[in-house]
Amino acid sequence: MRTKLKKFRENAQRNNVIEPGKSNYHTIRGQWAIDHFRNTNDIVLELGCGQGEYTIHLAQLDPAKNFVGVDVKGARIWGGSTQALQYQLPNVAFLRTPIEQLDQFFAVEEVAEIYIPFPDPRPRTRNENRRLTSPYFLKLYRHILKPGGFIHLKTDNLQLFEYTLEILQQYPEISELIYTDDLYQSTWQAVHHGIKTKYELKYLNEGVTIKYIRFALGKNN
Ligand SMILES: C[S@@+](CC[C@H](N)C(=O)[O-])C[C@H]1O[C@@H](n2cnc3c(N)ncnc32)[C@H](O)[C@@H]1O
């Protein structure tokens, strides 16, 4: 079992981890195609990626897109980064930053799609702005997403699910909304290609149903 320090040292040597202290950390914004992926394929984000299950699996399924897992925790990112190296996935990167600062790392319309699997639900009213589907974050996503780009939320948390649907009803420029409070009894499970994250497996084991919302943000014409 590697210690956190050892993981941090390995992250520091890896090209697929973009983190503080590296020369490209402050220059990557608007330059992912040129400086990192070296192609102009769509960029898909996984926010609060933990060990990056969506990033790794989707990158394997769709080599014609690029995938970036975003998390503040370097030791978790190390797990996804290790798998990307093992599976030799050139279309994968991990970015270590608070999601609040996404617009410092992606330029306007640089991102094609966003996955948000099992974010911290932040149930206290005073933490509403910290929920990853609050108007504060939707504004941030709108800035970096191509018009009509999809956002996918998967959660175990009924309160966050209902909160998100309420916010979306009031939010301008939402289209193509679909949702279910029981993903595995719905027709939408195919969208996820069987991908289950670490937190999802824990909740499924506890018998909790998985909720899913997908919507497009911004005018798509
Ligand atoms: C509940 S875990 C879910 C991890 C993973 N998505 C899964 O489903 O197994 C939430 C993750 O989001 C990250 N996170 C929470 N708030 C964040 C923020 N503001 N910026 C970046 N990462 C954040 C945490 O470090 C953690 O890895």
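Structure's up top.
So, a few notes on the structure that sits alongside this text. Not measured: the values here are computed from a predicted model. (Residues numbered from 1 in each chain as written. Predicted model: local features only at pLDDT ≥ 70, side-chain atom pairs only at ≥ 80, totals over all residues.)

**Some points on the site of the ligand**
Logical step 1: Neighbouring residues of the ligand: 18 residues in total, closest G48, G50, F118, T197 and Y199.
Logical step 2: With three residues, helix α7 (residues 198-205) is the single largest residue contributor to the shell around the ligand.
Logical step 3: When the residues that make up the shell around the ligand are grouped by side-chain class, the tally is eight nonpolar, three polar and seven charged. (Near = placed C-beta within 6 Å. Helix = DSSP H or I, 4+ residues; strand = E, 2+ residues; numbered from the N terminus. Nonpolar A, V, L, I, M, F, W, Y, C, P; charged D, E, K, R; others polar.)

**Some points on helix α5 (residues 135-144)**
Logical step 1: Along α5, the residues that are buried comprise F137, L138, Y141 and I144. End-on view of α5: buried residues confined to an arc of 130°, all on one side of the axis.
Logical step 2: Buried residues in α5 make contact with β5 (111-117), β6 (145-155) and β8 (211-217). (Buried ≥ 20, exposed ≤ 12 C-beta atoms within 10 Å, placed from the backbone. Arc of directions from axis to C-beta. Contact = placed C-beta atoms within 7 Å.)

**Description of the sheet that holds strand β3 (residues 66-71)**
By way of backbone hydrogen bonds, the strands of a sheet pair with one another, either parallel or antiparallel.
Logical step 1: Ordered by their spatial adjacency, eight strands build an open sheet running β1-β4-β3-β2-β5-β6-β8-β7, and the pairing between neighbours is mixed. Sheet topology places β1 (17-18) and β7 (174-180) at the edges, where each strand pairs with a single neighbour.
Logical step 2: As paired strands, β1 and strand β4 (residues 92-96) are joined by two bridges and run parallel to one another. For I18, the partnering residue across the bridge sits in β4 and is L95. (Pairing = 2+ DSSP bridges.)

**Examining unusual backbone geometry**
Logical step 1: At Q88, a position not held by glycine, the phi torsion is positive, near 50°.
Logical step 2: Inspection of the secondary structure assignment puts Q88 in the loop between α4 (74-86) and β4.
Logical step 3: Owing to 7 C-beta atoms within 10 Å, Q88 belongs among the exposed residues under this scheme.
Logical step 4: We note that E173 has phi near 65°; this positive angle belongs to a residue other than glycine.
Logical step 5: Residue placement: E173 occurs in the loop between α6 (158-170) and β7.
Logical step 6: A residue is classified by how many C-beta atoms lie within 10 Å of it, and E173, with 14 of them, is partly exposed.

**Let's talk about the pairing of strand β2 (residues 43-47)**
Two faces make up the sheet, and in a regular strand the side chains alternate between them.
Logical step 1: Among the five residues that make up β2, five are buried, leaving the element largely enclosed by the rest of the structure.
Logical step 2: With burial as the criterion, each face of β2 is covered, one bearing I43, L45 and L47 and the other bearing V44 and E46.
Logical step 3: Between β2 and its parallel partner β3, the chain crosses via helix α3 (residues 53-61), and the hand of that crossover is right-handed.
Logical step 4: Two strands pair when backbone bridges link them, and β2 and β5 are joined in this way by three bridges, in the parallel orientation. Counted as the bridge partner of L45 is I114 from β5. (Right-handed = clockwise from strand over helix to strand, strands pointing away.)

**Some words on the packing of helix α1 (residues 4-13) against α4**
Logical step 1: Look at α1 against α4: their axes get within 9 Å of each other, and the N-to-C directions meet at 60°. In terms of axis orientation, α1 runs oblique to α4. Considering only the axes of α1 and α4, their crossing is left-handed. Facing K4, K7, F8, E10 and N11 of α1, the residues of α4 in contact are G74, A75, I77, W78 and S81.
Logical step 2: Residue classes in the contact of α1 with α4 are distributed as four nonpolar, three polar and three charged. (Axes fitted to C-alpha atoms, helices over the stretch in contact; angles between N-to-C directions. Parallel < 35°, antiparallel > 145°, perpendicular 65-115°, else oblique. Left-handed = near helix turned anticlockwise from the far one by under 90°.)

None of the figures reported here should be taken as evidence of function without further support.
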